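Summary of structural features
Residues per chain are reported as follows:
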Amino acid sequence: MKFEVLTIFPEIIECYIKHGVLGKALNKGIVEVKVYNLRDFTSDKHKKVDDYPYGGGAGMVMQIEPFYNAIMHLKADEKPRKLVLLSPQGRKFTQKLAQKFMEESKAMVLICGRYEGIDERVKAFVDEEVSIGDYVLSGGELAALVIIDSVVRLIPGALGDELSAVEDSFMKGFLDYPHYTRPEDFKGMKVPEVLLSGDHKKIALWRKRQALKNTLKNRPDLLKNLSPEDMRILKELC
Ligand SMILES: CN1CCC[C@H](Cn2ccc3ccc(-c4n[nH]c(N)c4C#N)cc32)C1
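Residues numbered from 1 in each chain as written. Predicted model: local features only at pLDDT ≥ 70, side-chain atom pairs only at ≥ 80, totals over all residues. Heavy atoms only, no water.

A look at the confidence of the model for the chain
Per-chain confidence: the chain averages 95 in pLDDT, with 96% of residues scoring 70 or above. For this predicted complex, the interface confidence score (ipTM) comes to 0.98, while the overall pTM stands at 0.93. (pLDDT = per-residue confidence, 0-100.)

Below you can see the structure in the form of structure tokens.
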């Protein structure tokens with residue numbers, strides 16, 4: 001899968017993608033990320049990308065020309081790609097949408113604005129407008145990284161043999177169970193006995209109960225379409 005990112009801060013993207021699962025997926029050739037600086041698609045000597053808003057108001061708005069020039073440059077190879085604009089006005093990004101992007105797109109262009117936003121006419125050249133959540137960020141780059149990270153995790157082989165995104169919370173429809181590692185006793189805070197028992201059936205049941213308990217407490221909205229067994233466990237918790 002190929003990601004092409006349009007931004008005025010390429011370093012934000014370039015720094016993050018070197019690390020962790022994403023860095024390994026890049027080294028394996030499972031994913032490719034190319035970052036384009038929108039200033040390289042300007043036509044003035046000052047590489048200007050913003051201007052005052054028509055109609056007045058605070059702040060600056062990003063001009064359409066650098067976005068248009070960059071998109072036309074990418075489209076010159078005539079390869080199919082999904083163009084995604086990151087914006088607070090977009091549809092909510094969820095695990096389900098990450099799965100859809102992974103399944104349907106061989107290449108994605110992630111378009112990152114800054115300032116007060118971008119000229120509305122850019123939307124005529126994009127396929128999707130996506131928001132990662134109901135809070136205001138300073139630009140689209142963090143959102144682009146969230147999308148890249150969550151989509152790459154779903155690519156077969158990206159997590160390595162021992163791990164799988166299938167086990168990720170949100171994929172299962174509820175939150176994750178608690179995790180513990182050494183030491184067994186930290187200042188009197190002990191690891192739950194069941195995790196030391198070696199009884200895998202008991203451990204699995206304990207983890208399921210804890211996951212459902214966490215979900216009931218923090219994200220009851222996720223508790224839909226539970227299996228009869230999970231519903232039985234949930235009822236015991238209520
Ligand atoms: C005061 N203004 C308000 C509107 C947004 C301005 C900053 N900005 C400029 C471009 C841009 C792109 C995405 C996001 C963003 N914020 N929250 C999310 N979930 C996003 C996503 N995806 C934010 C952005 C600041």
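Quick notes on the site of the ligand
In the vicinity of the ligand lie 18 residues, with Leu86, Ser131, Gly133, Tyr135 and Leu137 positioned nearest. Between the ligand and the protein, one listed contact pairs a nitrogen atom with a backbone N or O atom of Ser87 at 3.4 Å. Between a nitrogen atom of the ligand and a main-chain N or O atom of Val130, the distance comes to 3.4 Å. Its free accessible area being 540 Å², the ligand has 84% of it covered by the protein chains. Where the shell around the ligand is concerned, the elements lending two or more residues are β5 (82-92) and β7 (128-131). (Near = heavy atom within 4 Å. Polar contact = N/O pair within 3.5 Å; in protein donor to acceptor, adjacent residues only side chain to side chain. Areas by Shrake-Rupley, 256 points an atom, 1.4 Å probe, with all protein chains shown as cover. Helix = DSSP H or I, 4+ residues; strand = E, 2+ residues; numbered from the N terminus.)

Quick notes on the packing of helix α6 (residues 200-218) against helix α7 (residues 228-237)
Close contact between α6 and α7 brings their axes to 10 Å; oriented N to C, the two are set at 65 degrees. As the angle between them shows, α6 and α7 are arranged roughly perpendicular. Crossing handedness for the pair α6 and α7: right-handed. In this structure, α6 uses Leu205, Lys208, Arg209, Leu212, Lys213 and Leu216 to contact α7, whose residues at the interface are Asp230, Ile233, Leu234, Glu236 and Leu237. In terms of residue class, the contact of α6 with α7 is made up of 6 nonpolar, no polar and 5 charged. (Axes fitted to C-alpha atoms, helices over the stretch in contact; angles between N-to-C directions. Parallel < 35°, antiparallel > 145°, perpendicular 65-115°, else oblique. Left-handed = near helix turned anticlockwise from the far one by under 90°. Contact = heavy atoms within 4.5 Å. Nonpolar A, V, L, I, M, F, W, Y, C, P; charged D, E, K, R; others polar.)

Considerations on α6
An ideal rise of 1.5 Å per residue puts 27 Å on 19 residues; α6 measures up with 27 Å between its terminal C-alpha atoms. Regarding α6, the residues found buried are Ile203, Trp206, Gln210, Ala211, Leu212 and Thr215. Looking at the packing, one finds that the buried side of α6 touches α7. By the N-cap criterion, in which a side-chain oxygen at the helix start approaches the backbone nitrogen of a residue two or three places on, α6 is capped by Asp199, the distance to Lys201 being 3.2 Å. (Expected span 1.5 Å × (residues − 1). Buried < 20%, exposed > 50% of the residue type's maximum accessible area, 1.4 Å probe, protein only.)

Topic: a nonpolar patch on the surface
Together, Tyr135, Leu137 and Leu142 make up a nonpolar patch on the protein surface, roughly 290 Å² of accessible area in all. Structurally, the position occupied by Leu137 is in the loop between β7 and α5 (141-152). (Patch = residues over 30% accessible without salt bridge, like charges linked within 9 Å, V, L, I, M, F, W, Y side chains within 5 Å. Salt bridge = Lys/Arg side-chain N within 4 Å of Asp/Glu carboxyl O.)

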